[in-house]
There are 2 protein chains.
Amino acid sequence: MADPNRPLRIIPLGGVGEIGKNMYVFEYGDDIVVIDCGLMFPDEEMFGIDLVVPDVTYLRERRDQVRAFLITHAHEDHVGGLPYVLPNFPGVPVYASTLARGLLGAKFKEHRLTDHPLVALEPGDELEIGPFRAIPFRIGHSIPDAMGIALRTPVGTVVHTGDFKFDHTPVDGKPSDFATLARLGQEGVICLLSDSTRAENPGYTPSERTVGEAFREIIEPLEGRVIVATFASNIARIQQVFDAAEAFGRKVAVVGRSMEQNVRIAVDLGYLRYPSSGVVAKDQISQTPPGRLVIATTGAQGEPMSGLARMANRDHRFVEIEPGDTVIVSASPIPGNEEYVARTIDNLFKAGANVYYHTIKRAHVSGHASQEELKLMLGLTRPRYFIPIHGEFRMMVQHGRLAVEMGVRPENVFIIENGQPIEIYPDGRARRGTPVPAGYVFVDGLSVGDVGEVVLRDRRALAADGMFIVVVTVDKQTGNLVSRPEIVTRGFVPLNERDPLITEAAERVVAAIENPGDHISEIALLKSQIKESVSRFLYEQTKRRPMVLPVVVEV
Amino acid sequence: MADPNRPLRIIPLGGVGEIGKNMYVFEYGDDIVVIDCGLMFPDEEMFGIDLVVPDVTYLRERRDQVRAFLITHAHEDHVGGLPYVLPNFPGVPVYASTLARGLLGAKFKEHRLTDHPLVALEPGDELEIGPFRAIPFRIGHSIPDAMGIALRTPVGTVVHTGDFKFDHTPVDGKPSDFATLARLGQEGVICLLSDSTRAENPGYTPSERTVGEAFREIIEPLEGRVIVATFASNIARIQQVFDAAEAFGRKVAVVGRSMEQNVRIAVDLGYLRYPSSGVVAKDQISQTPPGRLVIATTGAQGEPMSGLARMANRDHRFVEIEPGDTVIVSASPIPGNEEYVARTIDNLFKAGANVYYHTIKRAHVSGHASQEELKLMLGLTRPRYFIPIHGEFRMMVQHGRLAVEMGVRPENVFIIENGQPIEIYPDGRARRGTPVPAGYVFVDGLSVGDVGEVVLRDRRALAADGMFIVVVTVDKQTGNLVSRPEIVTRGFVPLNERDPLITEAAERVVAAIENPGDHISEIALLKSQIKESVSRFLYEQTKRRPMVLPVVVEV
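Remember, it's a predicted structure, so these values are computed and weren't measured experimentally.

Concerning the overall build of chain A
Phase 1 of the analysis: In terms of regular secondary structure, chain A is built from 15 helices and 25 strands.
Phase 2 of the analysis: Dimensions along the principal axes, computed over C-alpha positions, put chain A at roughly 85 × 70 × 45 Å.
Phase 3 of the analysis: Considering chain A as a whole, with its 555 residues, one finds that 58% of them fall into the buried category.
Phase 4 of the analysis: Long-range pairs, those at least 24 residues apart, make up 71% of the contacts in chain A with a sequence separation of at least 6.
Phase 5 of the analysis: Across chain A, the centroid of the 59 positively charged side chains sits 2 Å from that of the 72 negatively charged ones.

Structure below.
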């Protein structure tokens, strides 16, 4: 019997809303399972940051209670945090389906985590973990073998959809598992956590198969080369590139490190099939007649270092865009990437290519469910409580409205922020718990977590107005100035030493440090005097606020 | 008779494509007229820059030939450059229609340009300027009294559409001047320059009037406050806010410096009409019952310092968003602003408001023509040559395709970059001329043009990895180190003086400056040795490249 005072706690730790990456903690008594562990890419104000991963302080403090990481699918926003988080949890198994294990295996190797247990969990399996029973079910998404996970818990069944859409005609022939969802719904679902990414979009998301039709329509009449850019992990999309190429007697060259690696893994595991004569090595591209070639590559998000951007800039080792080329950008810009994508498309046009992109031709569909599918998920599972996940705050609000339309009571919709637990009791009550430590950790070069808000604030200040360094040398004994202040500026306004702004600033410094009093105890004071007088002077003169850094050298 | 060897030269100087702001030069012999003079807002890589205005070196070198600036309408991307450019052209008249003169008058006052001649030019007027005759014609846009300009020149008639749409039911009752366009087309148009902003959009752009209908539908059932955010210059939109408020017995409070100023000017000039009882002063907002109030404000682009963003953050002097408020964001995000807009909408929801925004309800229409309207413009004017203007490069490409569909010969479509002249001869031939100096000038605080690529490059470097300053003090006579190197870092990783990274870097410095040789001539060498050894050390240790700045003080 479940202890009536002991709740199931559901806690987002990967960020929700605008932070928006995925990691959900399910805690009952002394047992914790974690679903997914994503990363996010830095926003424009996180200068110099490479990656952002979840702060797992809460889990680290309960290290011995963490029983398992369950993975819904191997997209970066669901697994990218693992290499940074797992070292805290040696021996705690990571469960994932076949393709996800393939992709994770490569990732673990890269991060020297090959000893970490990576265990099979396939759609349709059932897995006992302490007081939980995990029931992964197949769901459609833009990567094969994506799963949602139902968790039977002592307070009832919780369903976590993962990222999903309902694709009735999936490219791999394996549709979503409606039967399990319906059965769970009939037996009773206490809480649904469901993907909100496209909760603003009415109707249904089209089938992935429609993209293949678009590829064929575009490619059929062409005589020149075709370049298709898409996500490296979208194996079904890549399959359709191979299929369309084959239909018109073209061979495919796969270009781009991540896509080449994923294709290799997908072929090995049987998720991608093409005739061995259907492929061309990268270094054979120039020897292949343009009309016999399709190049599949990365960079559909306009990433400046990606294959496509480099091809557009004629900076790629194997492929340069030429007049006569046709480029299909098979993606929509992810929020935040709009300008990169626009710039890449412009550069492709300037290089002479014809370009099919999101506003021109439907050569892309989303991997996320639209409103009618979200309603279907709600209708199948009929949850008492509803937690919208994955998506910006406004999308979660819209998803909450859909849930209410579908019969969830408004007070049973929990739109929660990162670290906000929802506690569900065996008698069916639920409430918000006390927030737990949550946040994010910056990965910057080799450092994980060293760079924090102070460093970022400095970078922002430096980016806005540059810096103004004032070096003064004072006599250790007398406290008197030994030489003229040295001034160095970068990122401010272009100045040389004889510029009046420099000479006058130096005079202000000299004035500020006259009679500095007892110099030993007063170095901090001296610095602040210099900083204040120079900052004020520069603002008056330029209306800018460079970072003023006084350095006092004693000799 | 026109000299057969003397061409009309049409030159974009305001940027085209991704730079994308408006300034077109029309030059014939010794006479130059300029249409528009816009600014652009900095993109995300232009750290700390406030504004970007056109580089007018080409015009400055021909100062005596510049006869007039003709203004199509007073949006910032068409007039924002004037305050920075006009001081180079004292006495050269600026011609504009009534509302544009009102708005420009305020701008000139702010920039102490009140002596600069600002002359009336209304739709339907004709104006002789040297060898040109300017014929402004009324056109629909998201500001009243917008004009296109036809220029009769010795080589034929050129039509510049300005920004436009064909709105058959404009809010001010003044539709586009089809008659003049048709007449010009019949007489013969040698070249059309036309707005490409929405060349990717099929069909027609809906009438501005549909927004008023949406306002009424949204507001009618509401009992709480309504806040409508839109562009400060969209007088027709603001008129519709007043009309919708009046229809449901609400008063309007206008909040936001630029909108208040524009409303004052528009009322004075008769472009905005409402009953005097229909308005509430800002400081009376809290005394007005929520159900009797509509607040019109700025910030529909999510600008962090705008009215709406501050209201959402509860940081506004007169209005804080409260549960029960309804916010209508009457705009679509301009490319580059998507994230700001998303953040503001999220914050409004978090503050408890219900929000209508671009993906949820059509409470906004564009001021730019869609494909069918662009074809209509091409069909009315039937130009021999076609230059797509205004819009990103890919949009100009699409617009060029529409022109070809409409009968313009493919080789007569000129998609040109900034500074690229098109030369049209009296016999009807046209060709690309030699590019002229063109580019942009950064406005940063009080400085115009001081900040260039070098400063920006430094800011980018500082933003990415911060800086690492090494101060060494050497004896002027011996060149020996006098004291331990001082190290100051900002924006790199948080370090204190006893951090091994600091102490080891200091050791590298000491090693690098041992035996520095003839110190006087070698200070530059010394600096570069320090820089190189420290940079290498830091990269090895952290995989980051902070800006290393060596300062050598001689005592």
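Looking at the packing of helix α4 (residues 98–110) of chain A against helix α8 (residues 257–268) of chain A
Relative orientation and spacing of two packed helices are given, respectively, by the angle between their axes and the distance between those axes.
All names here are of chain A.
Phase 1 of the analysis: Following both chains from N to C, one finds α4 and α8 inclined at 130 degrees, their axes separated by 9 Å at the closest point. The angle between the axes of α4 and α8 places the two elements in the oblique class. Crossing angle aside, the handedness with which α4 passes α8 is right-handed. Judged by residue contacts, Leu99, Gly102, Leu103, Ala106 and Glu110 of α4 engage Arg257, Gln261, Asn262, Ile265 and Ala266 from α8.
Phase 2 of the analysis: Considering only residue class, the contact of α4 with α8 consists of five nonpolar, three polar and two charged.

Quick word on the relation of the copies chain A and chain B
Mapping between the two chain copies consists of a rotation about an axis together with a translation along that axis.
Phase 1 of the analysis: You can overlay chain A on chain B at an RMSD of 0.1 Å; the transform is a turn of 180 degrees with a shift of 0.0 Å along its axis. On this basis, the relationship between the two copies can be described by a two-fold rotation axis. Among all residues of chain A, the one whose C-alpha sits closest to the rotation axis is A:Ala463, at a distance of 2.4 Å.
Phase 2 of the analysis: Interface overlap between copies is the fraction of interface residues in one copy that are interface residues in the other; for chain A against chain B it reaches 100%, indicating a shared surface.

Concerning the interface of chain A and chain B
Phase 1 of the analysis: Tallying the contact residues gives 67 residues for chain A and 67 residues for chain B.
Phase 2 of the analysis: Buried area between chain A and chain B, both sides added, is near 5,800 Å², and the carbon and sulfur share of it is 58%.
Phase 3 of the analysis: Scanning the region where chain A abuts chain B turns up four salt bridges.
Phase 4 of the analysis: Linking B:Asp50 and A:Arg544 is a salt bridge whose minimum nitrogen-to-oxygen distance equals 2.9 Å.

Regarding the side chain of A:Glu423
All names here are of chain A.
Phase 1 of the analysis: For glutamate 423, the location among the structural elements is in strand β19 (residues 422–424).
Phase 2 of the analysis: The class for glutamate 423 is buried, based on a relative accessible area of 6%.
Phase 3 of the analysis: At 3.4 Å, the side chain of glutamate 423 forms a polar contact with the side chain of tyrosine 425.

Quick word on the pattern of salt bridges
Two side chains bearing opposite charge may form a pair once their charged atoms approach each other closely.
Phase 1 of the analysis: Inspection of every chain in the model, using the stated rule, returns 60 salt bridges over all chains.
Phase 2 of the analysis: A salt bridge links A:Asp31 to A:Arg67, with the nearest nitrogen and oxygen atoms 2.5 Å apart. Here A:Arg67 lies in strand β5 (residues 66–70) and A:Asp31 lies in strand β3 (residues 31–35), a separation of 36 residues in the sequence.
Phase 3 of the analysis: Taking relative accessible area as the criterion, A:Arg67 reaches 31% and is therefore assigned partly exposed.
Phase 4 of the analysis: Linked by salt bridges that have partners in common, A:Asp50, A:Asp444, A:Arg459, B:Asp465 and B:Arg544 make up one network.

As for the packing of helix α5 (residues 178–187) of chain A against helix α11 (residues 371–381) of chain A
All names here are of chain A.
Phase 1 of the analysis: One way to put it is that α5 packs onto α11 with a least axis distance of 6 Å and a crossing angle of 50 degrees. It follows that α5 is oblique to α11 by the angle criterion. In this structure, α5 uses Phe178, Leu181, Ala182 and Gly185 to contact α11, whose residues at the interface are Leu376, Met377, Leu380 and Thr381.
Phase 2 of the analysis: Residues that form the contact of α5 with α11 fall into these classes: six nonpolar, two polar and no charged.

A look at the domain arrangement of chain A
Residue and element names in this part refer to chain A.
Phase 1 of the analysis: Annotation of chain A at the domain level lists domain 1 (8–203 + 366–448), domain 2 (209–356) and domain 3 (466–554).
Phase 2 of the analysis: Here the C-alpha centre of domain 2 lies 31 Å away from the C-alpha centre of domain 1.
Phase 3 of the analysis: With 16 residues of domain 1 at the interface, the matching set in domain 2 holds 15 residues.
Phase 4 of the analysis: Both faces considered, domain 1 and domain 2 share a buried interface measuring about 1,300 Å² in area, 63% of it formed by carbon and sulfur atoms.

What to know about the sheet that holds strand β22 (residues 447–448) of chain B
All names here are of chain B.
Phase 1 of the analysis: Reading across from one edge, β4-β21-β22 is the order of the three strands in this open sheet, with antiparallel pairing throughout. Both edges of this open sheet fall to β4 (51–54) and β22, since each of them pairs with a single strand only.
Phase 2 of the analysis: Strand direction decides the pairing type here: strand β21 (residues 440–444) and β22, joined by two bridges, are antiparallel. Of the residues in β22, the one forming a bridge with valine 443 is valine 448.

Some thoughts on unusual backbone geometry
Residue and element names in this part refer to chain A.
Phase 1 of the analysis: A positive phi angle is found at arginine 112, which is not glycine, with a value near 55 degrees.
Phase 2 of the analysis: Within the fold, arginine 112 resides in the loop between α4 and β7 (118–120).
Phase 3 of the analysis: The phi dihedral of arginine 382 is positive, around 45 degrees, even though this residue is not glycine.
Phase 4 of the analysis: Along the chain, the position of arginine 382 falls in the loop between α11 and β18 (383–389).

Looking at the pairing of strand β9 (residues 132–138) of chain A
All names here are of chain A.
Phase 1 of the analysis: Summarising burial for β9: six of the seven residues are buried, a large majority.
Phase 2 of the analysis: The sheet contact formed by strand β8 (residues 127–129) and β9 spans three bridges and is antiparallel. Within β9, the position partnered with glutamate 128 by the bridge is arginine 133.
Phase 3 of the analysis: Adjacent in sequence and paired antiparallel, β8 and β9 are bridged by two residues, among which glycine 130 carries a positive phi angle near 50 degrees.
Phase 4 of the analysis: Pairing analysis gives six bridges linking β9 to strand β10 (residues 147–153), with the strands arranged antiparallel. Bridge pairing in β10 links arginine 138 to methionine 147.

Some points on helix α8 (residues 257–268) of chain B
Residues and elements named next belong to chain B.
Phase 1 of the analysis: Its 12 residues place the ends of α8 17 Å apart at the C-alpha level, agreeing with the 16 Å of an ideal helix rising 1.5 Å per residue.
Phase 2 of the analysis: Buried within α8 are the following residues: Met259, Asn262, Val263, Ile265 and Ala266. Along the long axis of α8, the arc covered by the buried residues comes to 165 degrees, so they all point the same way. Turned more than 90 degrees away from the buried face of α8 sit Arg257, Arg264 and Asp268, all of them exposed.
Phase 3 of the analysis: The elements touched by buried residues of α8 are α4 (98–110), α7 (235–247), β14 (251–255) and β15 (293–297).

Parameters and conventions
Residues numbered from 1 in each chain as written. Chains lettered and ligands numbered in written order. Predicted model: local features only at pLDDT ≥ 70, side-chain atom pairs only at ≥ 80, totals over all residues. Heavy atoms only, no water. Helix = DSSP H or I, 4+ residues; strand = E, 2+ residues; numbered from the N terminus. Buried < 20%, exposed > 50% of the residue type's maximum accessible area, 1.4 Å probe, protein only. Contact = heavy atoms within 4.5 Å. Lys, Arg positive; Asp, Glu negative; His and termini not counted. Charge placed at Lys NZ, Arg CZ, Asp CG, Glu CD. Axes fitted to C-alpha atoms, helices over the stretch in contact; angles between N-to-C directions. Parallel < 35°, antiparallel > 145°, perpendicular 65-115°, else oblique. Left-handed = near helix turned anticlockwise from the far one by under 90°. Nonpolar A, V, L, I, M, F, W, Y, C, P; charged D, E, K, R; others polar. Least-squares fit on C-alpha atoms with pLDDT ≥ 70 in both. Buried area = accessible area lost by both parts, 1.4 Å probe. Salt bridge = Lys/Arg side-chain N within 4 Å of Asp/Glu carboxyl O. Polar contact = N/O pair within 3.5 Å; in protein donor to acceptor, adjacent residues only side chain to side chain. Domains from an automatic or database assignment. Pairing = 2+ DSSP bridges. Expected span 1.5 Å × (residues − 1). Arc of directions from axis to C-beta.

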